[in-house]
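Structural features, examined
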Amino acid sequence: MQLQVMNSPFNQEQAELLNRLLPTLTDSQKVWLSGYLAATQSGSASVPAAPEAPVAGAVAQANVKPVSKDVTILYGSQTGNAQSLAEKSGKTLEERGYKVTVSSMSDFKPNNLKKVENLLIVVSTHGEGDPPDNALSFHEFLHGKRAPKLDDLRFSVLSLGDSSYEFFCQTGKEFDQRLEDLGGTRLYPRIDCDLDFDEPAAEWIEGVYAGLSEVQSASVESASAVAAAPAVESAYSRTNPFKAEVLENLNLNGRGSKKETRHVELSLEGSGLTYEPGDSLGVYPENDPELVELVLETAKWDGNQTVTVNKEEIMLSEALSKKLEITVLTKPLIEKAAQLSSNEELKALAAPEKINELKAYIDGRDLIDLLRDFGPWNVSAQDFVSILRKMPSRLYSISSSLAANPEEVHLTIGAVRYETHGRKRNGVASILTAERLQPGDTLPVYIQHNQNFKLPENPDTPIIMVGPGTGVAPFRSFMQEREEIGAEGKSWMFFGDQHFVTDFLYQTEWQKWLKDGVLTKMDVAFSRDTEEKVYVQHRMQEHSKELFEWLEEGAVVYICGDEKHMAHDVHQTLIDIIEKEGGLSREKAENYLADMQQTKRYQRDVY
């Protein structure tokens, strides 16, 4: 096709020059040139867009489509990981000339989806394959009948999860499939991230960038330049944790309690780290030395030998102690182990049709069980450790206010001890805290900001807090903060545990806040002190009339603790109270609570 004044935006002289040049170009030169022109146009706001016109033959051969520079990133996040990755991805794209909007799914108007051309989804999976709280409404809309056709949409999904759970990255998979079903086209294939998500997330955003610019084959040199310029980490972070000194480590439970709850105070002096009430602290623990020795003994490995982990040469014993996860079995681990083994039983267990048997086997077992049950292992230690996951961090709700405790952060950690499959087992971080962590020791930590669990901006807003056991942690932070700022809003705490005498966590602090008027009301439930077990939801029901009055006054409800049982029961109790005291149908009561969640008047920090 010859360029002419009538079929192109060029004048006669330009058309003649291009007609002489274009036939001499190779395909790779055409692709490079189209990418170069797109980049130079997008890089300067002062350059006007060319009017639409029939595409020149050479450009058509390069197969380059105009790509909008507007990108929408929606995140669904429970603990804040997906949100921080979404914001980081948005910053990366903005630095490369894109106009980016980053939003929580709960803040995004679903009807605007038809206007979006480039959509990135960053979402975690919660509980038994469920969307995070702030993704529920968008997930429901997208999978409902009102979802529009999205034939002009380009999208990509980054999915966060934990492969030790059955429904690994389920929410991300559902979003990815649904967007395709609605007619969308992938900019880059979905990536499913395990707990160690930094590297795959970085790979994803580079792939998305390549998909957006559509110049993947442009220049090896320019691609290398991008890869060689990683984003600079500011201060301390998840990938660069701060070694915080332990200032205090106390047992909050009284003598005779069946529980052990540690109150840990850490110094942030010199770190520059800051946090708000509702945020979490990420902790990188170490495995129990006895467990590490048992692994070495069972596998007949020399702990002093050198292995390579994450491109770092390190002694095997140190790798098993500080770098690798050895207390949890996952489906991917079993499948990789089966490839290393000649054991027919293990190979059978890893077969796709044995999924139910596999789930039953990995439940409650660890690396030692795997080594013992399917040995001997005729592979090197290097081969075996290469299939293990990196040691994941543990997130704990912060139980202090930075305003009340400058350069400090406090945690409330319940020690986890149990027995299964004939052996005693321990929680990695909780037992490190309970048995081995002493004042003066250091712990690698980082701040995990959580915008989905925050005090109201208006300090006069009433708040209702429900936090049994270690779920009390963020509410201690809330009370310290409100005391510091002199908040006038009413506050009501529901706390529960086993015994009043031994398990009333932070009892003197709560009593002082009540006396000083910082806390308006407190109701407690100690389940083992009465013949019939009483829990926090029972106390809520006892005060249903007043509780509903608080809701009508605009109170914000917060829940922290176990999702499967406590949080579920409290959720149903709230609906019961709204239905009864509001004189509403069950459906309208459910909608009332859903509206509260949508407007951030119902927030949960559950695990």
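Scoring rules and cut-offs
- Residues numbered from 1 in each chain as written.
- Predicted model: local features only at pLDDT ≥ 70, side-chain atom pairs only at ≥ 80, totals over all residues.
- Heavy atoms only, no water.
- Buried < 20%, exposed > 50% of the residue type's maximum accessible area, 1.4 Å probe, protein only.
- Helix = DSSP H or I, 4+ residues; strand = E, 2+ residues; numbered from the N terminus.
- Pairing = 2+ DSSP bridges.
- Axes fitted to C-alpha atoms, helices over the stretch in contact; angles between N-to-C directions.
- Right-handed = clockwise from strand over helix to strand, strands pointing away.
- Parallel < 35°, antiparallel > 145°, perpendicular 65-115°, else oblique.
- Contact = heavy atoms within 4.5 Å.
- Nonpolar A, V, L, I, M, F, W, Y, C, P; charged D, E, K, R; others polar.
- Core = buried A, V, L, I, M, F, W, Y, C linked by side-chain atoms within 4.5 Å.
- pLDDT = per-residue confidence, 0-100.
- Polar contact = N/O pair within 3.5 Å; in protein donor to acceptor, adjacent residues only side chain to side chain.
- Salt bridge = Lys/Arg side-chain N within 4 Å of Asp/Glu carboxyl O.

A one-sided burial pattern is seen for strand β15 (residues 423-426), the buried positions being R423 and R425 and the unburied ones K424 and N426. Across 4 bridges, the pairing between strand β14 (residues 417-420) and β15 is antiparallel. By the bridge assignment, R417 is partnered in β15 with N426. Once β14 ends, the chain turns through 2 residues before running back antiparallel as β15, passing H421 with a positive phi of about 50 degrees.

Before going further, it helps to examine the sheet that holds strand β9 (residues 280-283). Pairing in this open sheet of 6 strands is antiparallel, and the strands run β12-β9-β16-β7-β8-β13 from one edge to the other. Single-partner strands in this sheet number two, and they are β12 (394-397) and β13 (408-414). Pairs of neighbouring strands in the sheet enclose a mean axial angle of 40 degrees, with direction left out of account. Where strand β7 (residues 242-251) meets strand β8 (residues 261-267), 5 bridges bridge the pair, whose relative direction is antiparallel. Its bridge partner lying in β8, V246 is registered against L266.

Let's shift gears to the sheet that holds strand β19 (residues 521-526). Whenever strands of a sheet pair, they do so through backbone hydrogen bonds, lying parallel or antiparallel. Here we have 5 strands laid out as an open sheet, ordered β19-β18-β17-β20-β21, and parallel in their pairing. Pairing within the sheet leaves two strands with one partner each, and these edge strands are β19 and β21 (602-606). On average, each strand axis in the sheet is inclined to that of its neighbour by 10 degrees, with strand direction left out of account. Bridge analysis of strand β18 (residues 491-497) against β19 gives 6 bridges, and the strand direction is parallel.

Burial within strand β4 (residues 154-160) is extensive, with 7 of its 7 residues counted as buried. A two-sided burial pattern is seen for β4, the buried positions comprising R154, S156, L158 and L160 on one face and F155, V157 and S159 on the other. Of the strand pairs in this sheet, strand β3 (residues 118-124) and β4 are connected by 7 bridges, and their pairing is parallel. Looking at β4, one finds that S124 is bridged to L160. You can see the chain leave β3, run along helix α5 (residues 136-142) and come back into β4, and the turn it takes is right-handed. Where β4 meets strand β5 (residues 185-186), 2 bridges bridge the pair, whose relative direction is parallel. Across the sheet, residue R154 finds its bridge partner in β5, namely T185.

Look at helix α21 (residues 544-552) against helix α22 (residues 563-582): their axes get within 9 Å of each other, and the N-to-C directions meet at 90 degrees. The orientation of α21 relative to α22 falls into the category roughly perpendicular. For the pair α21 and α22, the contacting residues are S544, K545, L547, F548 and L551 in the first and L574, I577, I578, K580, E581 and G582 in the second. Taken together, the residues of the contact of α21 with α22 sort by class into 6 nonpolar, 2 polar and 3 charged.

Further remarks concern unusual backbone geometry. P376 follows G375 through a cis peptide bond whose omega is 0 degrees. Along the chain, P376 turns up in the loop between α14 (367-373) and α15 (381-385). Phi at C169 is positive, roughly 55 degrees, even though this residue is not glycine. Residue position: C169 is located in the loop between β4 and α6 (170-181). Judged by its relative accessible area of 1%, C169 is buried. Of note, K311 is a non-glycine position whose phi angle comes to about 65 degrees, a positive value. Within the fold, K311 resides in the loop between β10 (306-309) and β11 (312-315). You can call K311 exposed: its relative accessible area is 84%.

As a further point, take the nonpolar core. Counting residues in hydrophobic clusters, the biggest one holds 37 residues, and the most contacted among them are L320, I334, L370, W377 and F384. Where this core is concerned, the elements lending two or more residues are α9 (289-299), β10, α10 (316-323), α11 (331-340), α12 (344-349), α13 (355-362), α14 and α15. When near neighbours in sequence (up to four residues on either side) are disregarded, F384 contacts W301, L340, L367, L370, L371, W377 and V379. Counting residues in each nonpolar core, the second largest holds 26 residues, with L547, V557, I559 and V606 among its members.

Before going further, it helps to spend a moment on the confidence of the model for the protein chain. Looking at the protein chain as a whole, the pLDDT averages 88, with 87% of positions reaching at least 70. Contacts of residues 38-65 to residues separated by more than four positions or lying in other chains number 24 contacts, the stretch itself having pLDDT below 50. For the stretch residues 215-234, pLDDT sits under 50, and the model shows 11 contacts to residues farther than four places along the chain or on other chains.

Secondary-structure assignment places H410 in strand β13. C-alpha of H410 to C-alpha of I398: the two residues are 12 residues apart in sequence and 6.0 Å apart in space. Each residue touching H410, except ones within four places of it in the same chain, is listed here: H263, V264, E265, I398, S399, S400, N405 and R476. At 2.9 Å, the side chain of H410 forms a polar contact with the side chain of E408.

As a further point, take the environment of Q177. Here Q177 lies in helix α6. Relative accessible area serves as the criterion here: at 38%, Q177 is assigned to the partly exposed category. The spatial distance from the C-alpha of Q177 to the C-alpha of V157 is 9.8 Å, given a sequence separation of 20 residues.

A few words now on the pattern of salt bridges. Under the criterion given, the structure shown has 39 salt bridges. For D192, the salt bridge identified is with R190, shortest N-O distance 2.7 Å. Ionic pairing is found between E260 and R262, a salt bridge with its closest N-O pair at 2.7 Å. Overall, E260 belongs to the buried group, its relative accessible area being 17%. You can call R262 buried: its relative accessible area is 11%. Among the ionic contacts, a cluster of salt bridges with common partners joins D176, E180, R186, R190 and D192.

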